[in-house]
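One-letter residues, chain by chain:
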Amino acid sequence: IPLAEQSGQILALGNRVIEKSFEYLAYREALGLYPILLHINLSSLQLNDPNLVPFVKSMVQTYNIPGHYIGFEITETTLLTDIKHAKETLEQLKSLGICIAIDDFGTGYSSLSQLKNLPVDLLKIDRSFVMDLENDPDDRKIVEAIIAMAHKLNIKVLAEGIETREQWKMLVSFQCDFGQGYYVSKAITVDEFNQAGPIVHNDI
């Protein structure tokens, strides 16, 4: 990714990823598979690209896939480079129904107060705060506080890097909305995913 950004190829590569994502969602729909929300990472160069929103609009129209089946993930660092411009772009994407997520939250030295005026739907708590939940009281306090404050702003929360049942139980007790990590599922191929149903853990 850094090489793609340095060489100027990140915009073309990013557009290709976006198009392939819409293509995959249309493929799932044609097969009658259950709908999913597919998240795509955006770099700072993509977020600052004036052609991003028109391109996404064209994909919605071309593949006839509602925007609410797509999510864009932006890191805190990306937002902080130009928060005013980022807000304008994110609001335009949000108007298409697209989910806006902040990835790796807690590592970019921003705060929820900086996010309150942004059209953010989801915060993804960085795995560095999750991996030691069972042993570190400070991590537990931080995660619980992030979830509580995010909910006050009507923002949902996803915890990254869940690897154990105990971590899962703690996050559920903190009222975390979503989770990802090896405890939920290890990485699988597209074919395996197409054959699988929704993954739900009820063993709390």
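Residues numbered from 1 in each chain as written. Predicted model: local features only at pLDDT ≥ 70, side-chain atom pairs only at ≥ 80, totals over all residues. Heavy atoms only, no water.

A.B. asks: Could you clarify how one ought to interpret the sheet that holds strand S1 (residues 38–41) in this entry?
C.D. replies: Two pairing modes exist for strands in a sheet, parallel and antiparallel, and in both the strands are linked by backbone hydrogen bonds. With parallel pairing, six strands are arranged side by side in an open sheet as S1-S2-S3-S4-S5-S6. Of all strands in the sheet, those bounded by a partner on one side alone are S1 and strand S6 (178–179). Pairing analysis gives four bridges linking S1 to strand S2 (residues 70–75), with the strands arranged parallel. Opposite Leu38, over in S2, you have Ile70 as the bridge partner. Its contacts with the sheet put helix H9 (residues 137–152) on strand S3 (99–105), strand S4 (122–125) and strand S5 (156–159), and the angle it makes with S4 is roughly 175°. (Pairing = 2+ DSSP bridges. Helix = DSSP H or I, 4+ residues; strand = E, 2+ residues; numbered from the N terminus. Contact = heavy atoms within 4.5 Å. Axes fitted to C-alpha atoms, helices over the stretch in contact; angles between N-to-C directions.)

A.B. asks: Would you take a moment to explain the confidence of the model for the protein for this structure?
C.D. replies: As a note on interpretation, predicted positions should not be read in detail where pLDDT is low. Confidence in the prediction of the protein, expressed as mean pLDDT, is 89, and 93% of residues score 70 or more. Taken element by element, the predicted model of the protein shows its lowest mean pLDDT in helix H7 (residues 112–115) (70) and its highest in helix H4 (residues 52–63) (97). (pLDDT = per-residue confidence, 0-100.)

A.B. asks: How do you make sense of the pairing of S2 when you look at a structure like this?
C.D. replies: Among the six residues in S2, five count as buried, and that is most of the element. Examined bridge by bridge, S2 and S3 share five bridges and lie parallel to one another. For Ile74, the partnering residue across the bridge sits in S3 and is Ile102. (Buried < 20%, exposed > 50% of the residue type's maximum accessible area, 1.4 Å probe, protein only.)

A.B. asks: I keep staring at the pairing of S3 and nothing clicks. Help me out?
C.D. replies: As a general feature of sheets, a regular strand has side chains that alternate between the two faces. Counting buried positions along S3 gives six out of seven residues, so the element sits mostly inside the fold. Judged from the three bridges that link them, S3 and S4 form a sheet pairing that is parallel. Within the sheet, the bridge partner assigned to Phe105 lies in S4 and is Ile125.

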